Amino acid sequence: MPAVHHKLLLEEALQDSPQTRSLLSVFEEDAANLTEYTNQLLQSMQRVYGAQSEMALATEQLSQQLLSYEKKNFALGKGDEEVIGTLQDFAKTVDELNSLHSELANQMADTMVFPLIQFREKDLTEISTLKEIFGIATDEHEAAMVKYSRLPKKKENEKLKADLVKEVAYTRRKQHQASLQYYCALNALQYRKRVAMLEPMLGYTQAQVSFFKKGLEHVSKKMDSFLSSVSNMTQNIQAQLDADAEAMRVSQKELLSVDDSVYMLDQDSEPVNRTLIQKAGFLNIRNKTGLVTTAWDRLYFFTLGGNLMCQPRGAVAGGMVLDLDNSSVMAIECEDRHYCFQITSPSGKASMILQAESKKEYEEWICTVNNISRQIYLTDNPEAVAIRLNQTAIQAVTPITSFEKRQEGSPDPDRAKPGGVYTTSAVSQKTGAAPEPEDLIAPGTPIQFDIVLPASEFQDQNRVDGRRTNPFGESDDDCSGESDDALLQQVFAVRFLGSMAVRCGDNQEVIYEAMRQVLAARAIHNIFRTTESHLMVTSSCLRLIDPQTQVTRISFQLREVCQFAAHQENSRLMGFVVEGRDWSDGGQDGEPSFSAFVFESNTEGEKICYTMSLAKDITEAKKDPVALAQIMKNMPLTNDGKFLLLEPESSDAADGEALEDLESEA
């Protein structure tokens, strides 16, 4: 007798994934179908027992009912071929003996009707009861998880948290026990249904043989071997059931003997794996239910290639939620909930906020999405690439307090010098294709996440005779630089994301690579706080100003800015490259060095880049009065005739709004 090919795995009962639930629904459908068939078969047998005068019709219907087992198309019917064949043989026997059934009513009541009634009342009723218990335990666990997810974070009550953790563990254990019992009963039902189908007919036929000697005269020779094989078949099935039931009992005992930490949240003993390229598990997703109201739903998420998939309970398969290629992920603070993070599409138009169950799951989800966004899964050895990139990101994130060069003890200082080893032209000649990331930025280059100037620099840049310098270029002492700045002054509200040394300044790809490394480092190390500043673009320099104190944090001469660009997909990101001199080699002129600065703006980065381009045009036009006059003629001025406007005013009624939006994005 072949073994059962379909089983509910007890090891997957604790995880309770949608895949397991989907397989469980198949077993439940099979049980419902079996219940329907059992009731029909029992009705046929009772009709045979009760309707002596209509015995011939009843046995004919029974014969047809036995043949219909094959047409039921049980979802788990694989392996029932011998049962189907046996039932077909029984149908033929019923047709031959239908004239003798009226005298066998008492024997049929004991050997045919009673076993099937017992199977229905005992086994099928047990399945229905366990299903209700399992549903109640699942609902209690879901309610406990919802209460735990809503646990406040800032005003967290430790006793309340401990009580909720215990409640979650209790309901999870209760659900685990209920699911194990339910799964075992469903697995055993696959054996019991075969016995239940065969045993009544075996008793029925044996009664026919024992009570009707006439029938034995012409059927005994062919029936003895047939009945013996059927008896052996049922015994073998029963033996398999006993062995499998014992194995399930042992497995159930082992699974329930695990440590309580399996049921506890935030009690993971294993370290966080930051090199994953696949991840699956339950997450809470925030959905808007109104203009200002939101709701959280607990769904099962998993990654498939470069896509984030979601599979609700009861669904046969999952559906795509978001394309993770080139997306961004970062930890956020959200509605007083812990372990929240946000995934944003490359265009910035689509985003979702998710909440993990534990800190380990929270960190692994962030790292997994970040790894997939780099399209590591498309490489030949994605695991090795993920490990290497993770190590590189950890080495690269070395916060420093000012724009100082690397110390002499830092690894490979010559390779880290921008322009000292590679240039864009050299790379292009060497490869004939787009430069590699290591050709643009040296591996392990430190990333600075904030601008902190020493006290001396702070006083030198922002204090003149004990007075604070006006960031808009106005002071008591007029100078040529300030008068030149009066040609163009534009202020934008920006947030400094990071800066790092780069190897060249004549390729926009170096800005995009710097953006990618800065955002990746922030995501890996959960650095999501930024400080807002005002970026002032004038016709001679760039200034980063503190909006509270009006102190210039850092400034660059416009001639030092050799490259600037906005992100091609996320329009709010922009960056620029500044050229400097490295005097560490002792040369008279110094070696050229380059640094990339990455910002996030409240407006489009293209607008800032356009302003910087206009400032450079004005700087070049200063050498030619005619060209400068032409630029001044083509560009509209503000109402006071002092500053240039980047866009024409549409009407007199919109003058104030245009000045506020275009002259000062802050």
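For the structure itself, look to the data block above.
Cut-off values and rules
- What you see as residue numbers is a count from 1 along each chain, following the sequence as written.
- Side-chain atom pairs in this predicted model are given and counted only at pLDDT of 80 or more, local residue features only at pLDDT of at least 70, and totals for whole chains, interfaces and linings cover all residues.
- Neither water nor hydrogens contribute to the side-chain values; these are computed over all heavy atoms in the structure.
- In this description a helix means any DSSP run of H or I spanning at least four residues, a strand means any run of E spanning at least two, and both kinds are numbered starting from the N terminus.
- Residue burial is assigned from relative accessible area. The probe radius is 1.4 Å, only protein chains are included, and a residue is buried under 20% of its type maximum, exposed over 50%, and partly exposed in between.
- Note on definitions: a residue-residue contact is assigned when non-hydrogen atoms from the two residues lie within 4.5 Å.
- Lines fitted to the C-alpha atoms define the axes, with helices restricted to the stretch that makes contact. Angles between their N-to-C directions range from 0 to 180 degrees.
- Throughout, the term roughly parallel applies to angles under 35 degrees, roughly antiparallel to angles over 145, roughly perpendicular to angles from 65 to 115, and oblique to all others.
- Less than a right angle of anticlockwise turn of the near helix away from the far helix marks a crossing as left-handed, whereas a clockwise turn marks it as right-handed.
- In this classification, Asp, Glu, Lys and Arg are treated as charged, Ala, Val, Leu, Ile, Met, Phe, Trp, Tyr, Cys and Pro as nonpolar, and every other residue, Gly included, as polar.
- Between 30 and 60 degrees the pair is tilted, below 30 it is stacked and above 60 it is edge-to-face, where a pair is any two Phe, Tyr or Trp rings, Trp via its six-membered ring, whose centres lie within 6.5 Å.
- We define a salt bridge as a side-chain nitrogen of Lys or Arg found within 4 Å of a carboxyl oxygen belonging to Asp or Glu.
- One less than the residue count of a helix, multiplied by 1.5 Å, gives the span that helix is expected to have.
- Two strands are said to pair when DSSP picks up at least two bridges between them.

Some words on the environment of Leu227
Phase 1 of the analysis: In this structure, Leu227 sits in helix H6 (residues 213-256).
Phase 2 of the analysis: According to the relative accessible area criterion, Leu227 is buried, its value standing at 10%.
Phase 3 of the analysis: On a C-alpha basis, the gap between Leu227 and Leu202 in space is 7.1 Å, while along the polypeptide they are 25 residues apart.
Phase 4 of the analysis: Residue contacts for Leu227: discarding those within four places in its chain leaves Phe90, Leu202, Thr205 and Val209.

Thoughts on the packing of helix H1 (residues 18-50) against helix H2 (residues 55-67)
Phase 1 of the analysis: Between H1 and H2, the shortest axis-to-axis distance is 8 Å and the interhelical angle comes to 155°. Comparing the axis directions of H1 and H2 gives the class roughly antiparallel. Regarding H1 and H2, the two cross each other, and that crossing is left-handed. Facing Tyr37, Gln40, Leu41, Ser44, Met45, Arg47 and Val48 of H1, the residues of H2 in contact are Met55, Leu57, Ala58, Thr59, Gln61, Leu62, Gln65 and Leu66.
Phase 2 of the analysis: Residues that form the contact of H1 with H2 fall into these classes: 9 nonpolar, 5 polar and 1 charged.

Observations regarding the packing of aromatic side chains
Phase 1 of the analysis: Enumeration over the complete set of coordinates arrives at 11 aromatic pairs.
Phase 2 of the analysis: Geometrically, the ring pair formed by Tyr37 and Tyr69 is edge-to-face, given 5.5 Å between the ring centres and 65° between the ring planes. With a gap of 32 residues between them, Tyr37 in helix H1 and Tyr69 in the loop between H2 and helix H3 (81-97) connect regions that are remote in the sequence. This pair shows no difference in class: Tyr37 is buried, exactly as Tyr69 is.

Side note on the side chain of Ser345
Phase 1 of the analysis: For Ser345, the position within the fold is in the loop between strand S6 (337-344) and strand S7 (351-355).
Phase 2 of the analysis: Exposure remark for Ser345: the relative accessible area of 10% places this residue in the buried category.
Phase 3 of the analysis: Ser345 has contacts with Leu322, Ser327 and Ala350, leaving out every residue within four places of it along the chain.

So, the pattern of salt bridges
Phase 1 of the analysis: The tally for this structure, following the rule as stated, stands at 21 salt bridges.
Phase 2 of the analysis: With a shortest N-O distance of 2.9 Å, Arg516 and Glu513 are connected by a salt bridge. Placement of the pair is Arg516 and Glu513 together in helix H14 (residues 509-524), with a separation of 3 residues, close to one helical turn.
Phase 3 of the analysis: Relative accessible area serves as the criterion here: at 35%, Arg516 is assigned to the partly exposed category.
Phase 4 of the analysis: Residue Arg572 pairs with Glu600 through a salt bridge whose shortest N-O separation is 3.9 Å. In this pair, Arg572 is assigned in the loop between strand S14 (561-566) and strand S15 (573-582) and Glu600 in strand S16 (residues 591-601), connecting sequence segments 28 residues apart.
Phase 5 of the analysis: Residue Glu600 is classed as partly exposed on the basis of its relative accessible area of 22%.
Phase 6 of the analysis: Through salt bridges with shared partners, a single network forms among Asp16, Arg21, Glu142, Arg298, Arg313 and Glu357.

Describing helix H7 (residues 359-373)
Phase 1 of the analysis: Between the first and last C-alpha of H7 there are 21 Å, a value that for 15 residues agrees with the 21 Å anticipated at 1.5 Å per step.
Phase 2 of the analysis: Burial analysis of H7 places 13 of its 15 residues in the buried class, which makes it a mostly covered element.
Phase 3 of the analysis: Two residues or fewer past H7, Gln375 is found with a positive phi of approximately 60°.

So, the pairing of S6
Phase 1 of the analysis: The element S6 is largely enclosed, with a buried count of 7 among its 8 residues.
Phase 2 of the analysis: Pairing of strand S5 (residues 328-334) with S6 involves 6 bridges; the strand directions are antiparallel. Its bridge partner lying in S6, Val329 is registered against Ile343.
Phase 3 of the analysis: Both S6 and S7 contribute to a ladder of 5 bridges, which runs antiparallel. Residue pairing across strands places Phe341 opposite Leu354, the latter belonging to S7.
Phase 4 of the analysis: Where S6 folds back on S7, the antiparallel hairpin that results is connected by 6 residues, among which Gly348 adopts a positive phi of roughly 80°.

A few points about the sheet that holds strand S11 (residues 532-538)
Phase 1 of the analysis: In space, the 7 strands of this open sheet follow the order S13-S12-S11-S10-S16-S15-S14, with antiparallel pairing throughout. On the outer flanks of this sheet lie strand S13 (552-557) and S14, each paired with one strand and no other. Direction aside, neighbouring strands of the sheet carry axes that sit 30° apart on average.
Phase 2 of the analysis: In this structure, S14 lies alongside S15, joined through 5 bridges in antiparallel fashion. Bridge pairing in S15 links Gln563 to Val577.
Phase 3 of the analysis: Contacts between H14 and the sheet are confined to strand S10 (489-502), S14, S15 and S16, with S10 contributing the most and set at about 80° to the helix.
Phase 4 of the analysis: This element, helix H15 (residues 605-621), spans S10, S11, strand S12 (541-545), S14, S15 and S16 of the sheet and lies at about 150° to S14.

Observations concerning the packing of H1 against helix H4 (residues 105-149)
The relative placement of two packed helices is expressed as an angle between their axes plus a distance between the axes.
Phase 1 of the analysis: Where H1 contacts H4, the axes come no closer than 10 Å and their chain directions differ by 155°. Classified by the angle their axes make, H1 and H4 are roughly antiparallel. In the packing of H1 onto H4, the handedness of the crossing is left-handed.
Phase 2 of the analysis: Taken together, the residues of the contact of H1 with H4 sort by class into 19 nonpolar, 6 polar and 4 charged.

Everything listed here is a matter of geometry and, on its own, says nothing about what the molecule does.
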